[in-house]
Amino acid sequence: MRTAFLGTPEAAVPSLEALTRISQIEVVVTRPDRPRGRSRRLQPPPVKVAAQEMGLPVAQPATGRELAICLAGHDLEVGVVVAFGMILRPDVLALPSRGFVNVHFSLLPRWRGAAPVERAMMVGDDVTGVSLMLMDEGLDTGPVIAQAETPILPQESGGDLRRRLADMGADLLGEALPDWVEEKIEPRPQPGESATYASKLEPADRDLSPGMSVGAFTNRVRALAPLPGARLSIGGEPHKILRVDPSTLRTRAGVWLEGPAGVPVLGVADGAVAIEELQAPGKRPMAGADWLRGRDLPSPFPMGR
């Protein structure tokens, strides 16, 4: 089975590893190196690093035209896409004889789009999973080849869940892709009427407010931890909030208390949350109690915020 792999972040690496065990990978395609950190030095995507360690050929096209040229030079049976970060044009989709298959981190048709893990957790879904989908020209609208379901565990973060789904997706790919290529699986169309969309995260999606409910506040923190991180303005500075728990203490929305063991507690719309871990600007992540030790409680939030 001659394949191409298209992926970029760390979450795509397990599927790349799985594909090496079941196919001959002709080329690994990932996004161009990008500047990172304060130094703004160019850093390679995790998939590039992993592919080079495996001795696989790597291409980094910057445009759809460059991608088409790159793939046209290979006699491909199937392409595999995992969080690649570029829309595939129709001429690219037509290149492999069995098309492109996408490993998507949701139970399609729920949470089509760019941020399925974060959106599922932000709204409080109890269950999610991975889908192996035959790609078409729509946004995650193609027929489903296989799926695997898992509960969203009560204490796991978005980062924890993404790692679990990445491993589940790799397992599903290894199990189902050979059968798909050998025409032993009949994909099933997605019921469009039950589709939901996981739109790309915008800066405002990170913001926290004492006007939120305990559930909404907690879910947003969990969904965005550790990266990019939900943020709360404290003393006029954005602090990244990494872990919270509902608190039994009661105070008005926007008012701070010192809770058990010195943990800072913030009143919200229908209760209070204990700030268990946070990161101040320019600082390392720390326990909430360590952050509060030796300082006064923050001023209450102005009414209406």
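Position numbers for residues start from 1 in each chain and track the written sequence from start to end. Only residues with pLDDT of at least 70 are given local features in this predicted model, and only at 80 or more are side-chain atom pairs given and counted; all residues enter the totals for whole chains, interfaces and linings. To get the side-chain values, take all heavy atoms of the structure and skip hydrogens and water.

Regarding the pairing of strand 13 (residues 237–246)
In short, DSSP must find at least two bridges between two strands for them to pair. Only DSSP runs of H or I covering at least 4 residues are called helices, and only runs of E covering at least 2 are called strands; the numbering of each starts at the N terminus. Inspection of the sheet shows strand 12 (residues 230–234) paired to strand 13 by five bridges, in the antiparallel sense. The partner of Ile 234 across the bridge, within strand 13, is Glu 237. Counting the residues between successive antiparallel strands, the hairpin from strand 12 to strand 13 contains two residues, one of them, Gly 235, with a positive phi of roughly 60°.

Topic: the pairing of strand 2 (residues 24–29)
The element strand 2 is largely enclosed, with a buried count of five among its six residues. For strand 1 (residues 2–7) and strand 2, the ladder comprises five bridges, and the chain directions are parallel. By the bridge assignment, Arg 2 is partnered in strand 2 with Gln 24. As for the winding sense of the linkage, the β-α-β connection from strand 1 through helix 1 (residues 13–22) to strand 2 is right-handed. Alignment of strand 2 against strand 5 (residues 58–59), held across two bridges, turns out to be parallel. Opposite Val 29, over in strand 5, you have Ala 59 as the bridge partner. For every residue, the accessible area obtained with a 1.4 Å probe (protein chains only) is divided by the maximum for its type, and the residue is called buried under 20%, exposed over 50%, and partly exposed between those limits. If the strands point away from the viewer and the path from the first strand over the helix to the second runs clockwise, then the crossover is right-handed.

A short note on the nonpolar core
Phe 5, Leu 16, Phe 105, Leu 132 and Leu 177 are the most contacted members of the largest nonpolar core, which has 42 residues in total. Examining the composition of this core, we find that 10 residues originate from one element, helix 6 (residues 158–181), more than from any other. In this view, Leu 132 contacts Val 101, Asn 102, Val 103, Val 144, Ile 145, Ala 146, Leu 172, Leu 173, Ala 176 and Leu 177; residues no more than four positions away in its chain are not counted. Counting residues in each nonpolar core, the second largest holds 21 residues, with Ile 234, Ile 241, Leu 278 and Leu 292 among its members. Put simply, a nonpolar core is a bunch of buried Ala, Val, Leu, Ile, Met, Phe, Trp, Tyr and Cys residues held in one set by side-chain atoms that sit within 4.5 Å of each other. Contacts: residue pairs with any heavy atoms within 4.5 Å of one another.

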